[in-house]
Amino acid sequence: MSDVDRRTFLKGLAALSAVVGAGPAGLAASTAAAGQAQPSARALAWHRAPCRLCPSGCGLLVGVQRGRAVAVKGDPDAPVNRGLACVKGYHAVQTLYGRDRLTRARVRRDGALVDVPLGAALDLVAERLAATVAAHGPAAAAAYGAGDWLLDDAYVAGKLFKGGLGTNNVDTESRLDSAAAAAGLAATYGLPGMVGCYDDIEHADVIVLWNENLAETHPVLFSRVLARRRGNAAVRVVEVATRTTRTSYALDRSLLYAPHAELALAHAVCHELVARRRLARDFVDRHVAFRRGADAAGQDAALRDFVRFLADHTPEQAQRHAGVPAEDVRWLASLYGDPARRVVSIWGAAVHQHPRGTWVNNALHNIHLLVGKVGAPGNGPLTLAGQPGGCGGLHDAGAAAHTLPGGVVTAAADRARAARVWGVPPERLDARPGRRAPAMFQGLATGDVRFLWVHGADPLVTLPELGRMRAAARRAGSFLVVSSAYPTATTDVADVVLPAALWLEREGVAAGGDRRLQHHERLVPPPGDATSSARQLVEVGRRLGLGALFPWADDAALTAGFWAELRRFHEDAGTRLPPLAELRARPGLRWPHAENGDTRWRYATAHDRAADRTQGRYDFYGHADRRARIWLRPYTPASEAPDSQFPFWLATGPVLEHWGAGTLTRRVPTLHRAMPGAVVELHPEDARALGIAGGDVVRLVSRRGTLRIEARMDYRSQPQRGQLFVASFDEGRLVNLLTPVSGCPLSGQPAYGACAVRVERLRPGGAG
Ligand code: SF4
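Now for the packing of helix H4 (residues 151-165) against helix H23 (residues 555-569). When two helices pack together, you describe them by how their axes are tilted relative to each other and by the distance separating the axes. Running from N to C, H4 and H23 cross one another at 70 degrees; their axes reach a closest spacing of 10 Å. Classified by the angle their axes make, H4 and H23 are roughly perpendicular. Here Leu151, Asp152, Tyr155, Val156 and Lys159 of H4 lie close against H23, whose contacting residues are Leu558, Thr559, Phe562, Trp563, Glu565, Leu566 and Phe569. Grouping the amino acids of the contact of H4 with H23 by side-chain chemistry returns eight nonpolar, one polar and three charged.

A few words on the sheet that holds strand S24 (residues 508-511). With respect to topology, three strands assemble into an open sheet ordered S24-S25-S26, the strand pairing being antiparallel. Strand pairing shows two members of the sheet lacking a second neighbour, S24 and strand S26 (589-590), which therefore form its edges. Pairing analysis gives four bridges linking S24 to strand S25 (residues 516-520), with the strands arranged antiparallel. Within S25, the position partnered with Ala510 by the bridge is Gln518. Along the sheet, H23 makes contact with S24 and S25, crossing S24 at roughly 50 degrees.

All right, on to H23 then. Compared with an ideal rise of 1.5 Å per residue, which puts 15 residues at 21 Å, H23 spans 21 Å between its outermost C-alpha atoms and is within 8% of the ideal. Within the sequence span of H23, burial applies to Leu558, Thr559, Gly561, Phe562, Trp563, Glu565, Leu566 and Phe569. Where H23 begins, one side-chain oxygen reaches toward the backbone nitrogen of Ala556, 3.3 Å away; that side chain belongs to Asp554.

Further remarks concern helix H3 (residues 118-136). An ideal rise of 1.5 Å per residue puts 27 Å on 19 residues; H3 measures up with 27 Å between its terminal C-alpha atoms. Turning to H3, its buried residues are Leu118, Ala121, Leu122, Val125, Ala126, Leu129 and Thr132. Relative to the axis of H3, the buried residues are bounded by an arc of 135 degrees and lie together on one face. Opposite the buried face of H3, at more than 90 degrees from it, the exposed residues are Glu127, Ala134 and Ala135.

In the structure shown here, the tally under the stated rule is 17 aromatic pairs. Ring geometry for Phe306 against Phe309: centres 6.0 Å apart, planes inclined by 15 degrees, an arrangement best described as stacked. Taken together, the residues Phe306 and Phe309, both in helix H12 (residues 303-310) and three residues apart, mark about one turn of the helix. Judged on exposure class, the residue Phe306 and its partner Phe309 are both buried. Here the aromatic rings of Phe562 and Trp563 are separated by 5.8 Å at their centres, their planes lie at 80 degrees, and the arrangement is edge-to-face. On the basis of relative accessible area, Phe562 is assigned to the buried category, the value being 0%. Seen from the ring of Trp46, Lys73 lies directly overhead, with NZ or CZ sitting 4.2 Å from the centre. The lysine or arginine in question, Arg633, covers the ring of Trp631, its NZ or CZ lying 3.6 Å from the ring centre.

Most of strand S5 (residues 68-74) is tucked away: five of the seven residues are buried. Both strand S4 (residues 59-65) and S5 contribute to a ladder of six bridges, which runs antiparallel. Considered in S5, the bridge of Gly63 is made with Ala71. Counting the residues in the hairpin turn of S4 and S5 gives two residues, including Arg66, whose phi is positive at 50 degrees.

Around the ligand lies a shell formed by Cys51, Leu53, Cys54, Ser56, Gly57, Cys58, Cys86, Lys88, Gly89, Pro219 and Val220. Elements supplying a minimum of two residues to the shell around the ligand: helix H2 (87-90) and helix H8 (219-230). Of the residues assigned to the shell around the ligand, the class counts are seven nonpolar, three polar and one charged.

On to the nonpolar core, then. Trp210 and Leu332 are the most contacted members of the largest nonpolar core, which has 62 residues in total. No other element matches the nine residues that helix H10 (residues 262-275) contributes to this core. Sequence-distant contacts of Leu332, that is, excluding residues within four places in its chain, are made with Val208, Trp210, Val238, Val240, Leu255 and Val269. Membership of the second largest hydrophobic core comes to 59 residues, among which are Val125, Ala146, Val421 and Val481.

A few words on the packing of H3 against helix H22 (residues 533-543). Where H3 meets H22, the closest approach of the two axes is 9 Å, and the angle between their N-to-C directions is 60 degrees. Looking at the two axes, H3 sits oblique to H22. With respect to the hand of their crossing, H3 and H22 are arranged in right-handed fashion. Residues Gly119, Leu122, Asp123, Val125, Ala126 and Leu129 of H3 lie in contact with H22, whose contacting residues are Gln536, Glu539, Val540 and Arg543. Classifying every residue of the contact of H3 with H22 by side-chain character gives five nonpolar, two polar and three charged.

Turning our eyes to something else, we now look at the environment of Gly111. With respect to the helices and strands, Gly111 occurs in the loop between strand S7 (105-109) and strand S8 (112-116). Taking the C-alpha atoms as reference, Gly111 lies 9.5 Å from Val493; in sequence the two are 382 residues apart.

A few words on the pattern of salt bridges. Counted under the stated rule, the structure contains 56 salt bridges. For Arg276, the salt bridge is made with Glu272, and the minimal N-O distance between the two is 2.7 Å. Residue Glu272 is classed as buried on the basis of its relative accessible area, which comes to 5%. Notably, a salt bridge pairs Asp448 with Arg435, separated by 3.8 Å at the nearest N-O pair. Separated by 13 residues along the polypeptide, Asp448 in the loop between helix H19 (437-446) and strand S21 (451-455) and Arg435 in the loop between helix H18 (412-422) and H19 bring together distant segments of the chain. The structure contains a network of salt bridges with shared partners spanning Asp123, Arg535, Glu539, Arg542, Arg543 and Asp555.

On to the side chain of Lys373, then. Considering the arrangement of structural elements, one finds Lys373 in the loop between helix H16 (357-370) and strand S18 (380-383). Despite its burial, Lys373 pairs with no opposite charge; the closest candidate is Asp338, at 5.9 Å N-O. Setting aside its immediate chain neighbours within four residues, Lys373 contacts Leu335, Tyr336, Gly337, Asp338, Pro339, Arg341, Val343, His368, Asn379 and Gly380.

Omega for the bond connecting Trp591 with Pro592 falls within 30 degrees of zero, at 0 degrees, which places this linkage in the cis form. Within the fold, Pro592 resides in the loop between S26 and strand S27 (628-632). Despite not being glycine, Arg82 shows a phi value in the positive range, around 45 degrees. Positionally, Arg82 belongs in the loop between S5 and strand S6 (85-86). Given the relative accessible area of 46%, Arg82 is considered partly exposed.

Parameters and conventions
- Residues numbered from 1 in each chain as written.
- Predicted model: local features only at pLDDT ≥ 70, side-chain atom pairs only at ≥ 80, totals over all residues.
- Heavy atoms only, no water.
- Axes fitted to C-alpha atoms, helices over the stretch in contact; angles between N-to-C directions.
- Helix = DSSP H or I, 4+ residues; strand = E, 2+ residues; numbered from the N terminus.
- Parallel < 35°, antiparallel > 145°, perpendicular 65-115°, else oblique.
- Contact = heavy atoms within 4.5 Å.
- Nonpolar A, V, L, I, M, F, W, Y, C, P; charged D, E, K, R; others polar.
- Pairing = 2+ DSSP bridges.
- Expected span 1.5 Å × (residues − 1).
- Buried < 20%, exposed > 50% of the residue type's maximum accessible area, 1.4 Å probe, protein only.
- Polar contact = N/O pair within 3.5 Å; in protein donor to acceptor, adjacent residues only side chain to side chain.
- Arc of directions from axis to C-beta.
- Phe/Tyr/Trp six-rings, centres within 6.5 Å; stacked < 30°, edge-to-face > 60°.
- Lys NZ or Arg CZ within 6 Å of the ring centre and 35° of its normal.
- Near = heavy atom within 4 Å.
- Core = buried A, V, L, I, M, F, W, Y, C linked by side-chain atoms within 4.5 Å.
- Left-handed = near helix turned anticlockwise from the far one by under 90°.
- Salt bridge = Lys/Arg side-chain N within 4 Å of Asp/Glu carboxyl O.
- Lys, Arg positive; Asp, Glu negative; His and termini not counted.

None of this, on its own, says anything about what the molecule does.
Rendered as structure tokens:
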């Protein structure tokens, strides 16, 4: 489908649309038919599969009839959702059957994409990849993976590019929303992967949401939070947030703060805990080490240094930076410091996407470590990802620019192990980290990257500073391959488009937010020539003469073979993975794998078999000294903030109905009708001051671009004065034309929210 055809198609859907409201969490527990007619119950076979439309990791029961997925319901035995599903999950099978589904490979000829046999397209991809490496070296080639890649895809991509070609230029969409979470976990605990698990929700007395609109980002988890409070009158759920959202309306208390003040707030909480002598001194003395410094390694520090550091981070200072009254900061600290209450903190992409995202993650972990509320039922930090494979999964499979499976490219021992497992010469493995996701496109602009293979993602919607990225993708002399289930903004400019199988159309292993692993079978055949990313990568590898790396005859052998290899990278007890047979029998096991089941709370010797009991109640085995880290990393102002020219903060993020760039969810008519397009949400007083009425079209201008968009004051959320919100799923209203590519230097996480804009009122009818 051409660009024009695709836009006409989406416009057609929009013309059908009427805004319909979902419930507060958009939840449903009944069965949804995925077609016009209700399926006959007699011929329906139900199969288990994970939902891949957000990172929560819900389990679904998918009804299959005559080779087609026709119905879906929440799996009552699935531990995450216990029979529920949100509106996306409830319509998940419809994402397979959009009428513009790609079923044939396409190659650009004379400016237009034309259908070709899949084998011919793979020949061309292999030929251009080989020619690029021969002429410009392996670093001129790169692979950009989807945030919902299955581990099969991630592992095979890493093996082909890192082990086969000798470049670490493999990265995924997870870089855009949870790189800082993974870096924060690694810095604090020495290993990626969540410390606690979702079960914490049912044990907590206090749940603190840090700028997480959980009702829309993880609706099923939000339903568990509300159920916990309903079942226990003493439970309190509060938030610290930059705008009032659907989540806010359901909570006990909402503290609104100015964007980018998270470090000031978190340190002020610690200040108060120390001032009130609420720190868990025994825990800290025995299990915590202090570090200071801006770089990843840092330098040694001590508790007394931390106390001195906190002297500059008082609740009054937090009030100045964040606008939260000092008394409210003290109240928040009193919740964490109450020895009688178990406390869970939840945060996600809106916190990670900070110019110092890693530092903010460290600061929030600091609070829990200071009071010893970590790694125990109802006590701990839950760091959520924005992508299904974020916060560890894809990194651990070796699909991040700095990682190998179970290790990092900079460690000689990790490279030696990879060379051994893969059977490649050690010298082929590059010790330098590859290009992170945005840098691949910057490389296209400079000519340093000549071949880029995008899998299942739509970076020309989701990357920041899109004007530059789009120009880079169109630059002559580069070759862009896109594997996708549907036409997207990125396939529009591709040289080759390969039709991709979706998750229910192939076997695989999915990684979820709380270290959860879910194997699933192929339930329905993919349409036409559509195949998995892993299969396409293997086929190209074989054409390059690298077939020995992929001795897997068919897709079933691929899943079994890759998993057996990946387990060899994770033989340490702290990251051990279960055998595939056990994973098949018990979907949803959480690593590290223990003989009698999964691991819910890491590092606590009562719960984690990998922890050494001789260390006491805890063993933070991720660090050589077996101690977790409290980091002394100060509040610093945002890299870009409102000024006289650009007086508004702009925030971006997801909405309930759509995931990512909306590639799948926008093909579901119900979801599309419920949320057909993005708008800019303003505070009513700002709108009045600018003479803007609801429904007016305005122009948003940042230092990087402009965007015409409808203004609303009565929509999903209410930004504070001086702030705006635009949802990021809409390729027709590309908010990322405005956002900056700069971000957290440690993790490479772009700071989408460090974006100052102005609002220009247009004349009626949208004329500027
Ligand atoms: S909450 Fe996420 S994983 Fe669960 S059903 Fe909804 S989209 Fe799927």
